[in-house]
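# Per-entry structural report
For reference, the chains in residue letters:
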Amino acid sequence: MKIAVVTGASSGMGQEFVKLLAEKEAFDEIWVIARRKDRLDALAASMSVPVIPLALDLSQKDSILTYQKLLEEQNPEVAVLVNGSGFGKFGAFTSISLDEYENMIDLNAKALISMTYVTLPYMKKGGRIYNIDSLSSFQPVPYINVYGATKALVLSFSRALNVELSERGIRVLAVGPGWVNTECFKRAAHDDTVSYYNRIFEPRDVVLRALRDMEKGKDVSVLGFSVRMQVLATKLLPHRLVMKVWVNQQKKKKNTEKIARG
Ligand SMILES: NC(=O)c1ccc[n+]([C@@H]2O[C@H](COP(=O)([O-])OP(=O)(O)OC[C@H]3O[C@@H](n4cnc5c(N)ncnc54)[C@H](OP(=O)(O)O)[C@@H]3O)[C@@H](O)[C@H]2O)c1
């Protein structure tokens, strides 16, 4: 049985991956993972391929074990794994609770590594792994600090794993979008510390680009000229300067808003 596994499938980019993978390739089943079962059920009902909803909180170790047990029982070939579950919080470091940070690290970093680890025995030559990181993977980001650090881990992990797995013919792509029009903002924005979004992309475009970049053999996928320029800036300029520009952009926006509000 050939399957795709997509985490974060209840909304945003994860959900777009499910739709586009089903459009472009034949799978016996697509296993979709997130916490909101109603959303996963609705997605399954709307698809023409068999979609298996697995309502799991991946920040919990038990959920990874449940998934691992299912793999053991069904012994599928996992042709594609998309690690899309993740969340961020915008704000000054101490304005966000430690519980929230620990949960973020458990989901964005630990669960992504665990999902990859337990899935790999079921992948064969030609297998593909898409790990969603972020533009914030490329530089330290004040006020999105811990989130950016988890995403830097994802970028580093994914690129190194791609080299290691080349012997097995399995590819790993780090997908690093800028701002994307998803529910991510609802959970991330708890105050107006970060409120300047220069360009917002559509999730479908990010995923289409990622699928193309995987075909081309890339290890990093970045959509949009402005985002690519920002990545280039993080390579050419001292990170202290890049961070200063970012902080100033956010402050400037707040001043503008203040003026607009009178
Ligand atoms: N939107 C952006 O601007 C942006 C930019 C760069 C990178 N990203 C990254 O892209 C990825 C996808 O996010 P998105 O933008 O598509 O936002 P989204 O619509 O909020 O999707 C996040 C997904 O993660 C799932 N999730 C959250 N907590 C979970 C948990 N504990 N266990 C299992 N699943 C969980 C959510 O489902 P449930 O709530 O149902 O669990 C949802 O399906 C994330 O890793 C995000 O950090 C987003």
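Residues numbered from 1 in each chain as written. Predicted model: local features only at pLDDT ≥ 70, side-chain atom pairs only at ≥ 80, totals over all residues. Heavy atoms only, no water.

### Let's talk about the site of the ligand
Taken together, 31 residues form the shell around the ligand, and within it Ser-11, Arg-35, Asp-57, Tyr-147 and Thr-182 come nearest. The contact in question runs from an oxygen atom of the ligand to an N or O atom on the backbone of Met-13, over 2.8 Å. Within the complex, the protein chains bury 96% of what would otherwise be the 870 Å² of accessible surface of the ligand. At the level of elements, α1 (12–24), α5 (145–165), β7 (179–180) and α6 (184–188) are the ones that each hand at least two residues to the shell around the ligand. Taken together, the residues of the shell around the ligand sort by class into 13 nonpolar, 11 polar and 7 charged. (Near = heavy atom within 4 Å. Polar contact = N/O pair within 3.5 Å; in protein donor to acceptor, adjacent residues only side chain to side chain. Areas by Shrake-Rupley, 256 points an atom, 1.4 Å probe, with all protein chains shown as cover. Helix = DSSP H or I, 4+ residues; strand = E, 2+ residues; numbered from the N terminus. Nonpolar A, V, L, I, M, F, W, Y, C, P; charged D, E, K, R; others polar.)

### Brief notes about the environment of Asp-28
Mapped onto the secondary structure, Asp-28 falls in the loop between α1 and β2 (29–34). Taking the C-alpha atoms as reference points, Asp-28 and Thr-66, separated by 38 residues in sequence, lie 21 Å from one another. Looking at Asp-28, its side chain comes within polar contact range of the main-chain nitrogen of Lys-2, at 2.7 Å.

### Focus on helix α4 (residues 98–119)
Taking 1.5 Å of rise per residue, the 22 residues of α4 would be expected to cover 32 Å, and the 30 Å separating its terminal C-alpha atoms lies within 8% of that figure. Its axis deflected by about 35° at Lys-110, α4 carries its strongest bend there. All buried positions along α4 are accounted for by Tyr-101, Met-104, Leu-107, Asn-108, Ala-109, Ala-111, Leu-112, Met-115, Thr-116, Val-118 and Thr-119. Each element contacted by the buried residues of α4 is listed here: β1 (2–7), β2, α3 (61–74), β4 (77–83), β5 (128–132) and α5. (Expected span 1.5 Å × (residues − 1). Bend = angle between axes of the 7 residues up to and from the residue. Buried < 20%, exposed > 50% of the residue type's maximum accessible area, 1.4 Å probe, protein only. Contact = heavy atoms within 4.5 Å.)

### A look at a nonpolar patch on the surface
A cluster of nonpolar side chains, contributed by Phe-225, Met-229, Leu-232, Leu-236, Leu-237, Leu-241 and Val-245, occupies part of the molecular surface with about 660 Å² of accessible area. Secondary structure elements with two or more residues in the nonpolar patch: α8 (225–236) and α9 (239–261). Looking at the nonpolar patch, the element that brings in the most residues is α8, giving 4 residues. (Patch = residues over 30% accessible without salt bridge, like charges linked within 9 Å, V, L, I, M, F, W, Y side chains within 5 Å. Salt bridge = Lys/Arg side-chain N within 4 Å of Asp/Glu carboxyl O.)

### A closer look at unusual backbone geometry
The backbone of Asn-75 sits at a positive phi, close to 45°, despite the residue not being glycine. With respect to the secondary-structure elements, Asn-75 resides in the loop between α3 and β4. Note on Asn-75: relative accessible area 55%, which makes it exposed.

### Here we look at the confidence of the model for the protein chain
Caution applies to low-pLDDT regions: their predicted coordinates should not be interpreted in detail. Model confidence for the protein chain is summarised by a mean pLDDT of 94, while 96% of its residues fall at 70 or above. Counting interchain partners and residues more than four positions distant, the pLDDT-below-50 stretch residues 257–262 has 2 contacts. (pLDDT = per-residue confidence, 0-100.)

### Observations regarding the packing of aromatic side chains
Counting across every chain of the model gives 9 aromatic pairs. Ring geometry for Trp-179 against Tyr-197: centres 4.7 Å apart, planes inclined by 70°, an arrangement best described as edge-to-face. Here Tyr-197 lies in the loop between α6 and β8 (200–201) and Trp-179 lies in strand β7, a separation of 18 residues in the sequence. Overall, the relative accessible area of 16% leaves Trp-179 in the buried class. Taking the centre distance of 4.9 Å and the plane angle of 65° together, the rings of Phe-185 and Tyr-197 count as edge-to-face. Taken as a pair, Phe-185 in helix α6 and Tyr-197 in the loop between α6 and β8 lie far apart in primary sequence, 12 residues in all. (Phe/Tyr/Trp six-rings, centres within 6.5 Å; stacked < 30°, edge-to-face > 60°.)

### Quick word on the environment of Arg-39
Its place among the elements puts Arg-39 in helix α2 (residues 37–46). When its relative accessible area of 30% is taken as the criterion, Arg-39 is described as partly exposed. If we skip the residues at most four places from it in the chain, Arg-39 touches Ser-10, Ser-11 and Glu-183. Within the structure, Arg-39 has its side chain in polar contact with the backbone oxygen of Ser-10 (distance 3.0 Å).

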